[in-house]
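Fold and contact review
Residues per chain are reported as follows:
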Amino acid sequence: MLVEFKLEIIGNPELPAKSRRNMMRWRRHGLLLVTLLSALTLARAREAAPAFTATTLTGETFTNGSLKGQVALLQFWTTWCPHCRRDEPVVENLAREFSGDGLVVLAVDVHESGETVKKYLAEHPRSCQIVLTEDTNLVKEFAPKSFPLYVLIDRDGNIAGTQHGAGGEVPLRGLLSRAGVGGSTVVAGDQRSSLPKATSPSAAKLIEVPGGPGAWLAKPLPPAVFMLRNGERLEAHKYTIMSGSVHIDAQGQQRTIPLAALDVKATIAANHKRGIELKIPTNQNEISLGF
């Protein structure tokens with residue numbers, strides 16, 4: 001009511017110019033006060049990050065307590081995700097740029113073996129902290145279904161924001177600013193249940209995980225079968241199907257086959273008989289996995 005009253009006075013042309021200028025200053029101060037009070041209220045509404053422990057490949061352990069007073073950026077990623085790979089240089093640069101501001105980046109690999117991750121890192125070195133699924137409960141807590149997924153935890157241990165998908169430098173800087181890193185703090189109604197999900201078209205979406213770690217099965221699934229147009233038949237529990245290729249781990253032997261070489265209709269039918277509803281990605285942002 002105080003602000004509304006002053007607005008009416010400001011609009012009165014009979015007041016001297018000096019009085020109107022003074023009222024304008026009070027109006028700005030009043031609006032700033034309202035903004036700050038709203039920001040404080042919303043900041044209190046942030047949801048606390050779940051209790052977690054994360055041990056890195058170098059043996060360092062992070063917890064909610066050890067990160068208190070720092071800002072943690074969690075990047076859920078995989079070695080097979082091209083969008084994660086495209087964001088890597090940006091993530092590494094931001095980690096170095098803001099390390100003095102208390103930023104800690106934990107790159108949490110999702111559902112891949114240590115051998116796979118280490119082999120990838122030998123070819124694509126990363127300077128930030130790498131965490132395997134088996135060494136943390138973060139994957140279980142956030143259950144990412146698309147990659148990369150970013151979760152930002154502020155200095156008080158609350159979730160400050162999330163980003164689904166790769167977007168490059170600008171969106172990530174905007175996300176970090178929500179915890180006061182690299183810019184002014186941006187506060188919004190950001191409890192985890194209502195966090196703004198800046199879904200990027202560059203997000204690898206997990207569309208099928210038959211027998212995956214989160215699945216409950218009455219009995220183990222048989223291996224998936226892949227029928228090639230040349231008559232070859234391959235079986236594998238572990239596979240990755242993208243829009244242009246099929247990567248198969250058949251008894252330790254790795255093979256990458258162009259999707260055009262796959263007899264899709266015969267493959268789907270053969271797996272259906274085994275109780276596996278295999279899904280073939282329809283665009284470059286979808287990924288089908290088997291474990």
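Residues numbered from 1 in each chain as written. Predicted model: local features only at pLDDT ≥ 70, side-chain atom pairs only at ≥ 80, totals over all residues. Heavy atoms only, no water.

Some details on the nonpolar core
A general tendency of soluble globular proteins is for nonpolar side chains to be buried together. Membership of the largest hydrophobic core comes to 51 residues, with the highest contact counts inside it found for L73, L74, F76, W77, L138, L152 and L176. The contact partners of W77, leaving out residues within four places of it in the chain, are C84, E88, A107, V108, D109, V110, V117, Y120, L121, R126, I130 and F147. Ranked by size, the runner-up nonpolar core spans 15 residues in total, among them F226, L228, I241 and L259. (Core = buried A, V, L, I, M, F, W, Y, C linked by side-chain atoms within 4.5 Å. Buried < 20%, exposed > 50% of the residue type's maximum accessible area, 1.4 Å probe, protein only. Contact = heavy atoms within 4.5 Å.)

Remarks on the pattern of salt bridges
By the definition in use, this model includes seven salt bridges. D154 is the partner of R46 in a salt bridge, and the nearest nitrogen-oxygen pair spans 2.9 Å. Highlighted residues: R46 in the loop between α2 (17-44) and β1 (53-56) and D154 in the loop between β7 (149-153) and β8 (159-164), separated in sequence by 108 residues. Comparing R46 with D154 shows no difference in burial state: the two are buried. A cluster of three or more residues bridged by salt bridges with shared partners is formed by E97, E169 and R173. (Salt bridge = Lys/Arg side-chain N within 4 Å of Asp/Glu carboxyl O. Helix = DSSP H or I, 4+ residues; strand = E, 2+ residues; numbered from the N terminus.)

Describing the packing of aromatic side chains
Across all of its chains, the model carries four aromatic pairs by this definition. Taking the centre distance of 5.7 Å and the plane angle of 50° together, the rings of W77 and Y120 count as tilted. Taken together, the residues W77 in strand β3 (residues 71-77) and Y120 in helix α4 (residues 114-123) connect sequence positions 43 residues apart. Neither W77 nor Y120 differs from the other in exposure class; each is buried. Centroid distance F226 to Y239: 5.3 Å. Interplanar angle 75°. Geometry classified as edge-to-face. Of this pair, F226 sits in strand β10 (residues 224-227) while Y239 is found in strand β12 (residues 238-241), placing the two residues 13 residues apart along the sequence. (Phe/Tyr/Trp six-rings, centres within 6.5 Å; stacked < 30°, edge-to-face > 60°.)

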